[in-house]
Amino acid sequence: MRRREFITLLGGAAVSLPLAAHAQQAIKIPQIGVLSLGRGDKSDASLNTVDAFMPALREFGYIEGQNIAFDRKFADGDVNKLGELAQELVEHRVDAIVALATPAVLAAKKATSAIPIVGIGMADPVGDELASSLARPGGNVTGTTFLGPELVSKRLQLLKEIVPGLSRVVVLWHPHAYGERTMAVMLKEIESAAQSLGAKLQLVPAASPADLGGAFAAMTAERDALIVFPSPMLFSQYSRIVTFAADNRLPAIYAAREGVDLGGLVSYGVNLPDLSRATATYLDRILKGAKPAELPVQQPTKFELVINLKTAKALGLTISRDFLLIADEVIE
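Residues numbered from 1 in each chain as written. Predicted model: local features only at pLDDT ≥ 70, side-chain atom pairs only at ≥ 80, totals over all residues. Heavy atoms only, no water.

1. Things to note about the environment of Gly33
To be explicit about the condition: Secondary structure elements follow DSSP: runs of H or I no shorter than four residues count as helices, runs of E no shorter than two count as strands, and numbering proceeds from the N terminus. Exposure classes here rest on a 1.4 Å probe applied to the protein chains alone. A residue is buried below 20% of its type maximum, exposed above 50%, and partly exposed in between. We call two residues in contact whenever any of their non-hydrogen atoms come within 4.5 Å of each other.
Its location among the elements puts Gly33 in strand β1 (residues 31–36). Accessibility expressed as a relative area gives 0% for Gly33, which makes it buried. Distance in space between the C-alpha atoms of Gly33 and Ala69 is 8.6 Å, their sequence separation being 36 residues. When sequence neighbours within four positions are dropped, the list of residues in contact with Gly33 reads Asp71, Leu89, Val94, Ala96, Ile97 and Val98.

As structure tokens, this is what we get:
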């Protein structure tokens, strides 16, 4: 090879190498905001739901730090803080927002109508004005729902089977957990079920984690059992609620199995980590060009019944064989 040709080739290589490096640097990986009302530590039951989302994305080829990045925001149970955190994600120009439960989705929706929002375990997207319909959401929000109003009455029926002579039930609820219509339907369901079962209800509200102490104190001594209404805020406080129920020898039923895993008596509802994993497909499709407006919201098809026999024994309750046979999981 002639010297001039060698120099030309070498010069070409010198030019192409920086260009290749520059092209590599220019590859933009998706930036995903994660928004939750929870605390983001292991004492928060909702963290299991958030954590389940990430491994599910690996099935679609996403590896955090390599071809996808997450900016996690936790509101520590403060609904008012969600708006600030959602605005921060918008200002950071994330490519999509993954929001856990209705309050976080509402905050994200208020902060942006352009950035795609994937909701994990929303209550009633249509009633809460997050979507025009489940089949065609029509805006920038899609994802999964977890709530069926009929589950509220079903939980009371299950308690009736477990607790002999059940007649006085205290209901711990978060009045503004979801939209007015959703909450009204839930209250109507529990009141109707109580009437048909001959049970008397004591509704005890808690609007924030700071209100739980007062709520516990307000629960009268004359009660046979506790129902914990669905609520992202109450969900994040399951550890405190389970401890209260145990200290007061109060049989309690929860909306999610995390309550039973922490030592509660029984739960009936959707498996939220499973729902979170199912929601991962929405983010994958959006990152590949799909529009949230055209992705139908997915409703749950299975509800699980979980019971903790160790807790039942501590409460002096005998669980019938028939009940154990219908349980999806028995913790001994």
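2. Focus on the layout of surface pockets
Applicable threshold: Cavity: a set of points on a 1 Å grid over the protein atoms alone where a 1.4 Å probe fits but cannot get out. Pocket: an open set with protein on both sides within 12 Å along at least five of seven lines, its lining residues, like those of a cavity, having an atom within 4 Å of a point. Grid points are joined across faces, edges and corners, and a volume is the space filled by probe spheres set on the points. Residue polarity is assigned by list, with Asp, Glu, Lys and Arg as charged and Ala, Val, Leu, Ile, Met, Phe, Trp, Tyr, Cys and Pro as nonpolar; anything else, Gly included, falls into the polar class.
Computed from the structure, the largest pocket encloses a volume of approximately 340 Å³. If you trace the largest pocket, you find 16 residues lining it, with Val79, Leu82, Pro103, Leu106 and Ala107 closest to the centre. Broken down by class, the residue content of the lining of the largest pocket amounts to nine nonpolar, six polar and one charged.

3. Topic: the sheet that holds strand β4 (residues 117–122)
The cut-off we apply is this: By the convention used here, strands pair only if DSSP detects at least 2 bridges between them. As a rule, the C-alpha atoms of each element are fitted with a line to give its axis, helices using only the stretch in contact, and angles between N-to-C directions run from 0 to 180 degrees.
Ordered in space as β2-β1-β3-β4-β5, the five strands form an open sheet in which the pairing is parallel. Lying at the two open borders of the sheet, with one neighbouring strand each, are β2 (69–74) and β5 (141–145). Adjacent strand axes in the sheet meet at a mean angle of 20°, parallel and antiparallel pairs treated alike. Taken together, the four bridges between strand β3 (residues 96–100) and β4 define a ladder with parallel strand orientation. Across the sheet, Ile97 pairs through a bridge with Ile117, a residue of β4. Lying over the sheet, helix α2 (residues 47–58) contacts β1, β2, β3 and β4, oriented at roughly 175° with respect to β2.

4. A closer look at the confidence of the model for the protein chain
This is how the line gets drawn: A score between 0 and 100, pLDDT records how confident the predictor is in each residue.
Scored by pLDDT, the protein chain comes out at a mean of 89, with 92% of its residues at no less than 70. Contacts from residues 1–17, a stretch scored under 50 in pLDDT, to residues over four places away or in other chains number two contacts. For residues 19–25, every residue scores under 50 in pLDDT, and the model assigns this stretch zero contacts once sequence neighbours within four places are set aside.

5. What about the environment of Gly138?
With respect to the helices and strands, the residue Gly138 is situated in the loop between β4 and β5. For Gly138, a relative accessible area of 54% translates into the label exposed. The sequence separation of Gly138 and Ala101 amounts to 37 residues, and the corresponding C-alpha distance is 19 Å. Residue contacts for Gly138: discarding those within four places in its chain leaves Ser132 and Ala293.

6. Thoughts on the pairing of β1
The criterion, for reference: For the handedness criterion, the strands are oriented away from the viewer, and a crossover whose path from the first strand over the helix to the second runs clockwise is classed as right-handed.
Across the six residues of β1, five count as buried, placing the element largely inside the fold. Here six bridges tie β1 to β2, and the two strands are oriented parallel to one another. In the sheet register, Ser36 faces β2, and the bridge partner there is Phe74. Handedness of the crossover joining β1 and β2 through α2 is recorded here as right-handed. Two elements, β1 and β3, share four bridges in a ladder whose sense is parallel. If you follow Ile32 over to β3, its bridge partner there is Ala96.

7. Concerning the nonpolar core
Inclusion rule: Throughout, nonpolar core names a set of buried Ala, Val, Leu, Ile, Met, Phe, Trp, Tyr and Cys residues whose side chains join them through atoms within 4.5 Å.
Within the largest apolar cluster, 86 residues are counted, with the highest numbers of intra-cluster contacts made by Leu35 and Leu172. Excluding its chain neighbours within four sequence positions, the residues that come into contact with Leu172 are Val204, Ala206, Leu212, Ala215, Phe216, Met219, Leu226, Ile227, Val228, Phe229, Leu234 and Ile241. Counting residues in each nonpolar core, the second largest holds 21 residues, with Ile32, Met54, Ala56 and Ile68 among its members.

8. Some remarks on the packing of aromatic side chains
Rules: What counts as a ring pair is set by centres within 6.5 Å for rings of Phe, Tyr and Trp (its six-membered ring), and what kind of pair is set by the plane angle: stacked under 30 degrees, edge-to-face over 60, tilted for all other angles.
Following the criterion strictly, the structure yields five aromatic pairs and no others. An angle of 70° between the planes, with centres 5.1 Å apart, marks the rings of Tyr238 and Tyr254 as edge-to-face. You can see Tyr238 sitting in helix α9 (residues 238–247) and its partner Tyr254 sitting in strand β9 (residues 252–254), a full 16 residues away along the chain. Given a relative accessible area of 3%, Tyr238 falls into the buried group. Residue Tyr254 is classed as buried on the basis of its relative accessible area, which comes to 0%. Relative to Phe303, the ring of Tyr268 lies with its centre 6.3 Å away and its plane at 45°, an arrangement referred to as tilted. Remark: Phe303 occurs in the loop between α11 (272–287) and β11 (304–308) and Tyr268 occurs in strand β10 (residues 266–269); sequence separation between them is 35 residues. Classification of Tyr268 by relative accessible area gives buried; the value is 15%.

9. Description of the side chain of Gln237
Within the element layout of this structure, Gln237 appears in the loop between α8 (232–236) and α9. Ignoring anything within four residues of it in the chain, the contact list for Gln237 reads Arg39, Pro209 and Leu212.

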